[in-house]
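# Observations on the model geometry
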Amino acid sequence: MNNIVAIVGRPNVGKSTLFNRLIQRREAIVDSVSGVTRDRNYGKSEWNGKEFSVIDTGGYVRGSDDVFEGEIRKQVELAIDEADVIIFVVDVEEGITPMDDAVAKLLRKVTKPVLLAVNKVDNAMREKDAVEFYNLGLGDYYTFASISGSGTGDLLDALIESFPVKPEPTQEEIELPRFAVVGRPNAGKSSFINALIGKDRYIVTDIAGTTRDSIDTKFDRFGFEFNLVDTAGIRRKAKVKEDLEFYSVMRSVRAIEHADVCILIIDATRGFEGQDQNIFWLAEKNRKGVVILVNKWDLVEKDTMSTKEYEAKIRKELMPFTDVPIIFTSAITKQRLLKALEETVKVFESRKQRIATSKFNDYMLKLIEAYPPPALKGKYVKIKFCMQLPTPTPQFVFFANLPQYVKDPYKRFLENKIREHWDFSGVPIDIYIREK
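Quick summary incoming for the structure in this document.

Parameters and conventions
Residues numbered from 1 in each chain as written. Predicted model: local features only at pLDDT ≥ 70, side-chain atom pairs only at ≥ 80, totals over all residues. Heavy atoms only, no water. Pairing = 2+ DSSP bridges. Helix = DSSP H or I, 4+ residues; strand = E, 2+ residues; numbered from the N terminus. Axes fitted to C-alpha atoms, helices over the stretch in contact; angles between N-to-C directions. Contact = heavy atoms within 4.5 Å. Core = buried A, V, L, I, M, F, W, Y, C linked by side-chain atoms within 4.5 Å. Buried < 20%, exposed > 50% of the residue type's maximum accessible area, 1.4 Å probe, protein only. Parallel < 35°, antiparallel > 145°, perpendicular 65-115°, else oblique. Left-handed = near helix turned anticlockwise from the far one by under 90°. Nonpolar A, V, L, I, M, F, W, Y, C, P; charged D, E, K, R; others polar. Salt bridge = Lys/Arg side-chain N within 4 Å of Asp/Glu carboxyl O.

### Here we look at the sheet that holds strand S13 (residues 383–388)
Taking strand neighbours across the sheet as the criterion, the 3 strands line up as S13-S14-S15 in an open arrangement whose pairing is mixed. Where the open sheet ends on each side, the last strands, each with one partner, are S13 and strand S15 (430–435). Across the sheet, the axes of successive neighbouring strands diverge by a mean angle of 20°, strand direction being ignored. The pairing of strand S14 (residues 395–400) with S15 spans 6 bridges and is classified as parallel. Residue pairing for S15: Phe398 is matched across the bridge by Ile433. Here helix H12 (residues 357–370) sits on the sheet and contacts S13 and S14; the angle it forms with S13, its principal contact strand, is near 140°.

### Description of the nonpolar core
Proteins that are soluble and globular tend to have nonpolar side chains buried together. Counting 55 residues, the largest nonpolar core has Phe88, Leu107, Phe280, Ile292, Val294 and Ile314 as its most contacted members. The element best represented in this core is helix H9 (residues 274–285), accounting for 5 residues. Val294 has contacts with Ile266, Ala268, Tyr310, Ile314, Ile326, Ile327, Phe328 and Thr329, leaving out every residue within four places of it along the chain. Of all hydrophobic cores here, the second largest spans 48 residues; its members include Leu293, Phe348, Leu414 and Ile429.

### A word on the pairing of strand S2 (residues 42–47)
In this structure, S2 lies alongside strand S3 (residues 50–56), joined through 6 bridges in antiparallel fashion. Bridge assignment links Trp47 to a residue of S3, and that residue is Lys50. Between S2 and S3, which follow one another and run antiparallel, lie 2 residues, and Asn48 among them has a positive phi close to 50°.

### With respect to helix H3 (residues 98–107)
Here H3 lies mainly inside the structure; 7 of its 10 residues are buried. Of the residues making up H3, those classed as buried are Met99, Asp100, Ala102, Val103, Ala104, Leu106 and Leu107.

### As for the pairing of strand S7 (residues 178–182)
Across the 5 residues of S7, 5 count as buried, placing the element largely inside the fold. Pairing geometry for S7 and strand S10 (residues 261–267), over 4 bridges, is parallel. In the strand pairing of S10, Val181 is matched with Ile263.

### Observations regarding the sheet that holds strand S4 (residues 85–91)
Taking strand neighbours across the sheet as the criterion, the 6 strands line up as S2-S3-S1-S4-S5-S6 in an open arrangement whose pairing is mixed. The open sheet has two edge strands with one neighbour each: S2 and strand S6 (141–143). Taken over all neighbouring pairs, the strand axes of this sheet differ in orientation by 30° on average, direction set aside. Inspection of the sheet shows strand S5 (residues 114–119) paired to S6 by 3 bridges, in the parallel sense. Within S6, the residue paired with Ala117 across the bridge is Tyr142.

### So, the packing of H12 against helix H13 (residues 408–421)
It is the contact of H12 with H13, at a shortest axis distance of 11 Å, that shows an interaxial angle of 135°. The orientation of H12 with respect to H13, classified from their angle, is oblique. Both H12 and H13 take part in a crossing whose hand is right-handed. When H12 is examined against H13, the residues Phe360, Tyr363, Met364, Leu367 and Ile368 are found in contact with a partner set consisting of Tyr410, Phe413, Leu414, Lys417, Ile418 and His421. Class assignment for the residues of the contact of H12 with H13 results in 9 nonpolar, 1 polar and 1 charged.

### Points about the pattern of salt bridges
Inspection of every chain in the model, using the stated rule, returns 17 salt bridges. The closest approach of N and O atoms between Arg351 and Asp260, which form a salt bridge, is 3.7 Å. On the criterion of sequence distance, the pair formed by Arg351 in helix H11 (residues 337–352) and Asp260 in the loop between helix H8 (241–257) and S10 is long-range, its members being 91 residues apart. Across the salt bridge formed by Arg419 and Glu415, the nearest N and O atoms sit 3.0 Å from each other. Linking Arg419 with Glu415, this pair stays in helix H13, spanning 4 residues, or about one helical turn. Pair check on accessibility: Arg419 and Glu415 agree, each one buried. Connected through salt bridges with shared partners, the residues Arg10, Glu94 and Asp100 form a single ionic network.

### Notes on the environment of Glu420
On the secondary structure map, Glu420 appears in helix H13. Separated by 97 residues in the primary sequence, Glu420 and Asp323 place their C-alpha atoms 10.0 Å from one another.

### A short note on the environment of Leu106
Among the structural elements, Leu106 can be located in helix H3. The spacing of Leu106 and Val76 is 30 residues in sequence and 7.9 Å in space, taken between C-alpha atoms.

### What about the environment of Pro177?
Assignment of secondary structure puts Pro177 in the loop between helix H6 (171–175) and S7. Each C-alpha atom, one on Pro177 and one on Asp260, is 6.4 Å from the other, the two residues being 83 residues apart in sequence. Once you skip the residues sitting within four places of it in the chain, Pro177 turns out to touch Glu225, Phe226, Asn227, Asp260 and Phe348.

Take a look at the structure:
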């Protein structure tokens, strides 16, 4: 299970630039409007062979200069709750500001590792200016320049050393499938689990965030055996939309990374909102199986086309990954709960399936011969062999004479054909084109 690193600090100190550098994607430009880019605030990074998840808290603050100190404080508190290590970014040009002091005051109380990172230090004079940050009372600091990247190596070395040692999972935990129940606050996650296990294991209220911690429940009924993980909601009744989004995504990250299949519960009375999409794309990016449950369906006024229309709207939002089971349920009336379980187990099995190389070639090569990749610059691409890779999630490789000429639309065509012939519903697929 990956460590989670949160980048905190007041606006405009370079948190997002550092975030982009860590996840090595320059195109992830942070916009002040929440939800413009699906994966803007969450990414994976790797240093010296250790992989970790990075969360940029700055992306969740709407606006920058006019953000109140109180909002920054809320975000830092949320990050402290969930992250394993915290990087506190400050700006050498502006020195210590009252808002930096407020954040440092919070961070001095925590037992988790906090790395003080002084940004915009790109010459010897600024190196001397950085000494001022000892006054924050957080011990040693690391100087770097997020735009040029200088100094980030030392910061990352210190980060890796700060990761807590995590116990290895027991054999039983490894063998039992893990299904994470994720979703925005108050969508009915705890009610769903209570309905399944037949007793009120979780307190259920109308206040978002009654559940505080991710709790495992071993489930062994109706011929199914697996671990159910309920992700926590919001710790306090937040009035600001960004706080809700930030917290549910933070909680979901940990549950999703440790799961095989994610059961995404959405509130039928609210529709498939931006926050639901964020959680869906988190699961998809982590190559987890996904099942979508539209909960509270009993509260929606329906006509004969309601289900189809509702489903079509959701699939439109999920494009291009539309091959996902969508089930309409009610945790209160226990409507279609068993169906939801059956679909989840089916997705788990599909994610594990292995296709024999001979069968895969027989089907795909005939198809490719009939519909070859389009010629580019007068050159024709020939694919003569393909196979499924021996990886934990479904990945397929196609060997071609000119792999650089096979573009994304043709890869999507290959993926669609695989999905038509084999059942990979709810499972992300990776397609690779390699030189033969």
